Amino acid sequence: MSEAAAAHAHDEHHHEGGFVSTYLFSLDHKMIGKQFLLLSLFMMIIGGLLALMVRWQLAYPEQPVPGLAWVPEPYLYDGIIPPETYNMLFTMHATIMIFFVVIPILVGAFGNFLIPLMIGTKDMAFPILNMLSFWIAAFAGGLLISSFFVEGGAAAGGWTAYAPLSAAEVYTGVGLGQDLWIISLVVLGISSMMGSINYITTIINMRAPGMTMFRLPLVVWSLFITAILLLLALPELTAAMAMLLFDRRFGTAFFLPEHGGEPILWQHLFWFFGHPEVYILILPGMGIASEILSVFSRKPIFGYRAMAMAMIAIAFLGWVVWGHHMFQSGMNPTMGMAFMTTTMVIAVPSAIKTFNWLGTLWGGNIHFTTPMLHALAFVSMFVIGGLSGIYMAATPVDIFIHDTYFIVGHIHYVVFGGSIFAIFGGIAYWFPKMYGRMMNETLGKIHFFGTLLFFNITFFPMHIIGIGGHMRRIYNPEQYEFLEPLLHWNEIMTIGSIGLGIFQIVFAVNFFWSMFAGEKATQNPWHANTLEWEAPTPPPHGNFLVTPTVYRGPYEYSVPGEKEDWLPQARPGSGVAAAH
Amino acid sequence: MLPWLPENISTYGGDIDWLFRLIFWITTIVFVGVQGTFLYFLFKYRARPGHKAIYSHGNNTLEIAWTIAPSVVCVVLALLSRATWDEIKAEIPPVDVTVRVYAKQFNWDFIYPGPDGAFDTDDDLTIENELNVPVHKVVKLEMLSRDVIHSFFVPVLRFKQDTMPGRQIDGWFEATKTGEWEIPCAELCGFGHSGMLGYLKVHSDQDYAAWVAKRWSK
């Protein structure tokens, strides 16, 4: 592109808009990504506070929650959590964290911000669709939060909403709240579908010259595969949700046995979406960790193709393992055998990825920056979450640990230990490109070590009490004699969770302080190879002054014969590295 | 070793516990190996002045090795699990006592067929939250639910089965010890889920005969 054409292109996309078109209804993928990030971080505060209340009740059952005496009945009684509210708390905690925190940050924030920058294009394929996708998600979040304030309160049937509990008001006493939960997730599904169509189209059609599929950074691969999973999984969830809403309001009986319905159908429909969903929650985290590990080991990613292939394998196998959530549901035991086999098989690509991360660290020159610490924690914690999954995959062992705290520990090691650590790492890593300033390293490290310590205090004991038989979703463990020897763990975990919460304040302070007063970032502060670092910091509307041309793969670090230890994708040159 | 599993009093519980321990040791060894290597690498390859990283894109032999090794472990685990799973869930041995379990918000109803051995007759007896069975006898449970999904969980028997409205699910166990244990509900079933609690009473043969005689001698 000639300079004049570049200047023209620059003009065309640089709208000197007012506040509304710049910050609210922006069509710029970077602003939309940041909007998703802020919305999700706000939702994370709500989801976290709900979790703290759950923890309080488990450690100090039926004692008033400190500072909450003002909450009116029937939510709390002088600060004491009643069982109806307790069920609401964990249902909404999970719903918010999964659908309104982890997915929107990984897919909405990182997906939007990174894809055009990392493939070397000026924006998403469909900018208006992109803007709508954010505002529809925000509307869905509003619907979900509003459900707390309707009569009967918010949904209380678990985030899995098993029918018939969720299918008729009489079983929970929750009316409009459960309807709003359903509608909110349907609306969010529309947003996700818009986003995923956009991502897929953009990645397939708009890559910079020279950016072949196997020169894509792994995080773009992960977001591409995630978008395909979302596109295929969400319509199915939307259909199931519609059926549930019709059962509740319009007299159908898909899931109500007294009129000929079949409750187990809901579980099949839910988990057919729900298991790909689990990989939607972790794949982008794997991608983010891969970027950061390679950059701060100053080393090419070990087994790039194996990494991409493992993600593709996960994407296929993810569709045939849903029954492992249903081993004790009354499903034909022969199907249990089949799902156990597929579940054991899907462990293999995750193992491959772990070994390749270790291979990336091997022989590296490892810099322990805040993003790197989080990526390392991601690997370490994900190993625990992966290994604990094997217990549930073995059907006979699952008989005992199904629906116990063991599974709660497992999911938190994958989704918090995995995804959330990757999110913190990704925020610290791309913050300079997002806001033009560096996050503070000291605060970042304080936040990291505090989070790692208290995360493990909060969640590791869940495995121990799960093995002791402690059921999940029970309001008061003191009601059971056989749980008595385990109760002290509940107190330890609750203290851990309070510590975990306190250290997140450090993150919030660092995030907002750095946004306005952090050290100014250079164009490529980490000396990284990928294309986003070719754009100015922060990138203007339209991203690149000149469309970059890609000459090599994304991970050419410490190339022999080069005087620097990095070799950007867009730097012309010959030599051995150009082949990769 | 592993004192955290509750006591086991069922004939097949030992098989479950054996598998659990096997997986525990496999995962522990993998955990120590992976995390140990990880920490060693972090120390050994920490950035130092003048130090440069090795330039390597990977190694196909290693890729094949660490694809095959976990595959073999997982397939072996699946095969080992298969026999136990079939024993517990797929086949019911010759039955000595049959009890019908109706779960409802928030109680367990246990229905005994009575002397005629048939359900839905006049001599049926319904007992709330108390399952009486003889020791060393195969007990078959016909599980149903009157409203939502519940889950019949007896930790000491290593027994767990969701109960489903509109569908009868059969399960079985054979207790090896007399005594009394709790039967919690393990599937969220509403505001009274916590505290939905029954009791399993395992009697010696004589005590069970006496209990039957007393119950049906009106």
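Structural data are supplied above this passage.
As a starting point, this report considers the structure included with it. Being a predicted model, the structure only gives us computed values, none of them experimental.

**Things to note about the overall build of chain A**
Next, step 1: Helix and strand counts for chain A stand at 16 helices and zero strands.
Next, step 2: Since a compact globule built from 580 residues should have a radius of gyration of about 25 Å, the 24 Å found for chain A is in line with a globular shape.
Next, step 3: Oriented by its inertia axes, the alpha-carbon framework of chain A measures out at about 70 × 50 × 50 Å.
Next, step 4: In chain A, which comprises 580 residues, the proportion classed as buried is 67%.
Next, step 5: Across chain A, the fraction of contacts at a sequence separation of at least 24, relative to all contacts at a separation of at least 6, is 80%.
Next, step 6: Summed over its atoms, the accessible surface of chain A is roughly 18,700 Å², and 70% of this surface lies on carbon and sulfur atoms.
Next, step 7: Of note, chain A has its 21 positive side-chain charges centred 15 Å away from the centre of its 33 negative side-chain charges.

**Some thoughts on the nonpolar core**
Next, step 1: Counting 272 residues, the largest nonpolar core has Leu131, Phe152 and Leu200 of chain B as the members making the most contacts within it.
Next, step 2: Among the elements that line this core, the one with the most residues is helix α4 (residues 83-119) of chain A, at 25 residues.
Next, step 3: Both domains that meet at this core, namely domain 1 (13-90) and domain 2 (97-215) of chain B, each give it at least three residues.
Next, step 4: The contact partners of Leu200 of chain B, leaving out residues within four places of it in the chain, are Ile9, Leu131, Val133, Val154, Leu157, Phe173, Gly179, Glu180, Trp181 and Ile183 of chain B.
Next, step 5: By size, the runner-up hydrophobic cluster in this structure holds five residues, among which are Phe302, Ala310, Val348 and Ile352 of chain A.

**Some remarks on helix α3 (residues 29-59) of chain A**
Residue and element names in this part refer to chain A.
Next, step 1: The first and last C-alpha atoms of α3 sit 44 Å apart over 31 residues, in line with the 45 Å expected at 1.5 Å per residue.
Next, step 2: Of all 31 residues in α3, 24 are buried, a share of seventy percent or more.
Next, step 3: Of the residues that open α3, the one with a side-chain oxygen 3.0 Å from the backbone nitrogen of Lys30 is Asp28.

**Digging into the interface of chain A and chain B**
Next, step 1: Opposite the 93 residues of chain A that make contact, chain B presents 77 residues.
Next, step 2: For the pair chain A and chain B, the summed buried surface comes to about 7,400 Å²; carbon and sulfur atoms form 70% of the total.
Next, step 3: Taken as a group, Tyr391, Ile399 and Phe400 of chain A account for 9% of the area that chain A buries against chain B, more than any other trio of residues on that side.
Next, step 4: One can count one salt bridge joining chain A with chain B.
Next, step 5: Salt-bridge contacts for Arg167 of chain B lead to Glu262 of chain A; the nearest nitrogen and oxygen are separated by 3.1 Å.
Next, step 6: Elements supplying a minimum of two residues to the side of chain A that touches chain B: α4, α9 (263-297), α10 (304-317), α11 (333-361), α12 (370-393), α13 (395-401) and α15 (441-467) of chain A.
Next, step 7: Looking at the side of chain A that touches chain B element by element, the count peaks at 14 residues for α11 of chain A.

Scoring rules and cut-offs
- Residues numbered from 1 in each chain as written.
- Chains lettered and ligands numbered in written order.
- Predicted model: local features only at pLDDT ≥ 70, side-chain atom pairs only at ≥ 80, totals over all residues.
- Heavy atoms only, no water.
- Helix = DSSP H or I, 4+ residues; strand = E, 2+ residues; numbered from the N terminus.
- Rg over C-alpha atoms; globule rule 2.2 N^0.38 Å.
- Buried < 20%, exposed > 50% of the residue type's maximum accessible area, 1.4 Å probe, protein only.
- Contact = heavy atoms within 4.5 Å.
- Areas by Shrake-Rupley, 256 points an atom, 1.4 Å probe, with all protein chains shown as cover.
- Lys, Arg positive; Asp, Glu negative; His and termini not counted.
- Charge placed at Lys NZ, Arg CZ, Asp CG, Glu CD.
- Core = buried A, V, L, I, M, F, W, Y, C linked by side-chain atoms within 4.5 Å.
- Domains from an automatic or database assignment.
- Expected span 1.5 Å × (residues − 1).
- Polar contact = N/O pair within 3.5 Å; in protein donor to acceptor, adjacent residues only side chain to side chain.
- Buried area = accessible area lost by both parts, 1.4 Å probe.
- Salt bridge = Lys/Arg side-chain N within 4 Å of Asp/Glu carboxyl O.

Coordinates in, geometry out; function isn't part of it.
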